Protein chains: 2
Amino acid sequence: MRIFITGAAGFIGSNLADHLLTVGHTVIGYDKLITGRMEFIDSALRNSNFKLIQADLLDFDTLREAMTGAEMVFHLAANADVRHGPEHTRLDMEQNTIATYNVLEAMRLNNVPAIAFSSTGSVYGEAAVIPTPETAPFPIQTSLYGASKLAAEGLISAFSEAFGIRALIFRFVSILGPRYSHGHVFDFLKQLRSHPESLHILGNGKQRKSYLHVSDCVSAIMTAVERAPDRVSIYNLGTDEYCEVNDSVGWICQTIGVNPQRTYSGGDRGWIGDNPFIFLDCSAIRSLGWKPRYSIREGIVSTIEYLQANPWLLDSRDDH
Amino acid sequence: MRIFITGAAGFIGSNLADHLLTVGHTVIGYDKLITGRMEFIDSALRNSNFKLIQADLLDFDTLREAMTGAEMVFHLAANADVRHGPEHTRLDMEQNTIATYNVLEAMRLNNVPAIAFSSTGSVYGEAAVIPTPETAPFPIQTSLYGASKLAAEGLISAFSEAFGIRALIFRFVSILGPRYSHGHVFDFLKQLRSHPESLHILGNGKQRKSYLHVSDCVSAIMTAVERAPDRVSIYNLGTDEYCEVNDSVGWICQTIGVNPQRTYSGGDRGWIGDNPFIFLDCSAIRSLGWKPRYSIREGIVSTIEYLQANPWLLDSRDDH
């Protein structure tokens, strides 16, 4: 199959591209290489079935042209930064909402019949039901990031209804593992490299969060692509456990062999729109036969091992 | 209070402007006068407390400047056409989603502390629970219009969380009454004026729909402005009844004294994304002490009487 991946040089996109190439598909990667990295597609670029188009999703004409002949779109490109939304309110709307509109419109004009989309558990806001199922009570948005992904979900469903596009929408917990380059494990590891004796934690450390290893994320997506029964299918993706930020800190410190003094910014939220408890009910995707191979702890350890083996990544990015 | 109304020359916006002026507020109306009409603000324009700015919400600099000094925003401007979304997919996103983003960003930069927003029962898609409460199961969008309003709701809630803006979100059923100029009563009346002996109906006529008179809509909005307890408050607005399209046709024909041959396009939906059953649970807004004065039948009769007294409106617009 000829597959089009947006954000193909990003964390999840590049892992997905590698998988799709391995099983024999042709992959057109589309990435503007701002947060995406050439290093992540080293191996893909050596495969003659892979092509990279370096361009912006907001450049509609380029996008439309690039998508010619595609049989399915995996739309992974996004501004994935939840925390700093209020500092640049336009970013989530442009890179998540309008970009998704452009992807759908390009699909419509190119008659591409199917899309898989990386949404987020953040669309549940502060969920009224935990573990949170896909049919949770209609949520109120608490972050610009969540709002922009919710908007994208709505566009995808409406395009599906109007034009018969098959849609798979995945609401991710935080994803970890090889090529992870953004989030609390990254931030903590950077801190501990520069001052192993102290660690500053946003919030009170008791925020309860969920994580999934990227290889489990990719296998869940592929399971749904093969088996999801509905024209619009929505799946939470996570493990059946959660951890406290403090648990995660403990595993990180143990793995790298440090014992820092912990300080806390305080409060039950790390930042505006931070969700103090994220735990998704993933029975729907499990009912298709998928299950994760990594526990949260194993995912965090795998991530640290990856970052320790790839210190250029820690060095190459500014703190957020 | 100095109040800023987007869509002030539109159907609901102009009714709201008249009310706010009557009770002594200063009103800045913002309207690009594409679907809005100068005739609707005849009386407002004679009030020295009213000012109209003819401009587009997509012109951010003008919007920002126009909003200077406003103490509350009523954001009514929208592309209100549910039916033709698939023919111009960009319209709903620009005029509903991006326009709402611009309103919020202008509010943020002008420190405007409160917004009231006209959302729609269409955000429930084909609701799993009827009558549908605000906390219905997380819906799947079935129209580009609903998706664009859902996106706007999400933006409003997220801005509220990030910047402390008070938000009132109203999910309307279809609104009827004076200055109504779009929808099935309008379309049927136009048909019957040109050929009283026949009436063509989209769908099978059995679609069950809800309507609310615009004066009841305005009183509900004002009740919530005064009494809504939460920073983000979401209210369904409708009556506690619904009717079939065929009922509505009967009342229309009876009121104007015709007995046309009815033909049907067939199927349980009038168009792609049409919802065969809309009936909202309005107990939340009723718990604030509001109730509607018009039944659906009375609202439809009032609308016909208005249109018969204002035939220029029927003559002046193309069929959609």
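Not measured: the values here are computed from a predicted model.

1. Focus on the pairing of strand β11 (residues 232–237) of chain B
All names here are of chain B.
Reasoning step 1: Counting buried residues in β11 gives six out of six residues, a clear majority hidden from the surface.
Reasoning step 2: Burial along β11 is two-sided: the residues Val232, Ile234 and Asn236 and Ser233, Tyr235 and Leu237 are all buried.
Reasoning step 3: With six bridges connecting them, strand β6 (residues 166–172) and β11 associate as parallel partners. Of the residues in β11, the one forming a bridge with Phe170 is Tyr235.

2. Overview of the interface of chain B and chain A
Reasoning step 1: Listed by partner, the interface residues are 32 residues for chain B and 32 residues for chain A.
Reasoning step 2: Taken together, the elements giving at least two residues each to the side of chain B that touches chain A come down to α4 (89–110) and α5 (144–163) of chain B.
Reasoning step 3: Element by element, the count of residues in the side of chain B that touches chain A is highest for α5(B), at twelve residues.
Reasoning step 4: Here the side of chain B that touches chain A is built from residues that sort into 18 nonpolar, eleven polar and three charged.

3. A look at the nonpolar core
Reasoning step 1: If you look at the biggest cluster of nonpolar residues, it comprises 204 residues, and the most contacted ones within it are A:Ile5, A:Leu237, B:Ile5 and B:Leu237.
Reasoning step 2: Setting aside its immediate chain neighbours within four residues, B:Ile5 contacts B:Gly13, B:Leu16, B:Ala17, B:Val27, B:Gly29, B:Tyr30, B:Phe74 and B:Leu76.

4. Observations regarding helix α7 (residues 214–227) of chain A
The α-helix advances 3.6 residues per turn, and as a result positions three or four apart in sequence lie on the same side.
Residues and elements named next belong to chain A.
Reasoning step 1: The terminal C-alpha atoms of α7, which comprises 14 residues, lie 20 Å apart, in line with the 20 Å expected from a rise of 1.5 Å per residue.
Reasoning step 2: Taken together, the buried positions of α7 are Val214, Asp216, Cys217, Ala220, Ile221 and Ala224. The buried side chains of α7 occupy one side of the element, clustering within an arc of 155 degrees when seen end-on.

5. Structural notes on the sheet that holds β6(B)
All names here are of chain B.
Reasoning step 1: Pairing in this open sheet of seven strands is parallel, and the strands run β3-β2-β1-β4-β5-β6-β11 from one edge to the other. Lying at the two open borders of the sheet, with one neighbouring strand each, are β3 (50–54) and β11. Direction aside, neighbouring strands of the sheet carry axes that sit 15 degrees apart on average.
Reasoning step 2: Where strand β5 (residues 114–120) meets β6, seven bridges bridge the pair, whose relative direction is parallel. In the strand pairing of β6, Ser118 is matched with Phe170.

6. Here's the deal with the domain arrangement of chain A
All names here are of chain A.
Reasoning step 1: By the assigned domains, chain A splits into domain 1 (2–175 + 211–237) and domain 2 (178–210 + 240–279 + 293–316).
Reasoning step 2: Spacing between the C-alpha centres of domain 1 and domain 2 amounts to 25 Å.
Reasoning step 3: Taken together, the 24 residues of domain 1 in the interface contact 21 residues of domain 2.
Reasoning step 4: Mapped onto the side of domain 1 that touches domain 2, the elements with two or more residues apiece are α1 (11–22), β10 (211–213) and α7.
Reasoning step 5: Split into classes, the residues belonging to the side of domain 1 that touches domain 2 amount to eleven nonpolar, ten polar and three charged.

Definitions and cut-offs
- Residue numbering note: each chain is counted from 1, following its sequence as written.
- All chains are assigned letters beginning with A, and all ligands numbers beginning with 1, in the order in which they are written.
- Whole-chain, interface and lining totals are the exception, using all residues; otherwise, since this is a predicted model, local features are given only for residues with pLDDT of at least 70 and side-chain atom pairs are given and counted only at 80 or more.
- A residue is called partly exposed when the number of other C-beta atoms within 10 Å of its own lies between 12 and 20, exposed at 12 or fewer, and buried at 20 or more, with C-beta atoms placed from the backbone.
- For the purposes of this entry, the term helix denotes a DSSP run of H or I that reaches at least four residues, the term strand denotes a run of E that reaches at least two, and both are numbered from the N terminus.
- Two strands qualify as a pair provided DSSP detects at least 2 bridges between them.
- Residues are treated as contacting if the C-beta atoms built from their backbones sit within 7 Å of each other.
- Amino acids are sorted into nonpolar (Ala, Val, Leu, Ile, Met, Phe, Trp, Tyr, Cys and Pro), charged (Asp, Glu, Lys and Arg) and polar (every other residue, Gly among them).
- Here a nonpolar core is just a set of buried residues of the types Ala, Val, Leu, Ile, Met, Phe, Trp, Tyr and Cys, joined wherever their C-beta atoms sit within 7 Å.
- Given a helix with a known number of residues, its expected span is that number minus one, times 1.5 Å.
- This arc is taken over the directions from the axis of the helix to the C-beta atoms.
- Between the N-to-C directions of two axes lies an angle of 0 to 180 degrees, each axis being a line fitted to C-alpha atoms and, for a helix, fitted only over the stretch in contact.
- All the domain ranges listed were derived from an automatic or database domain assignment.

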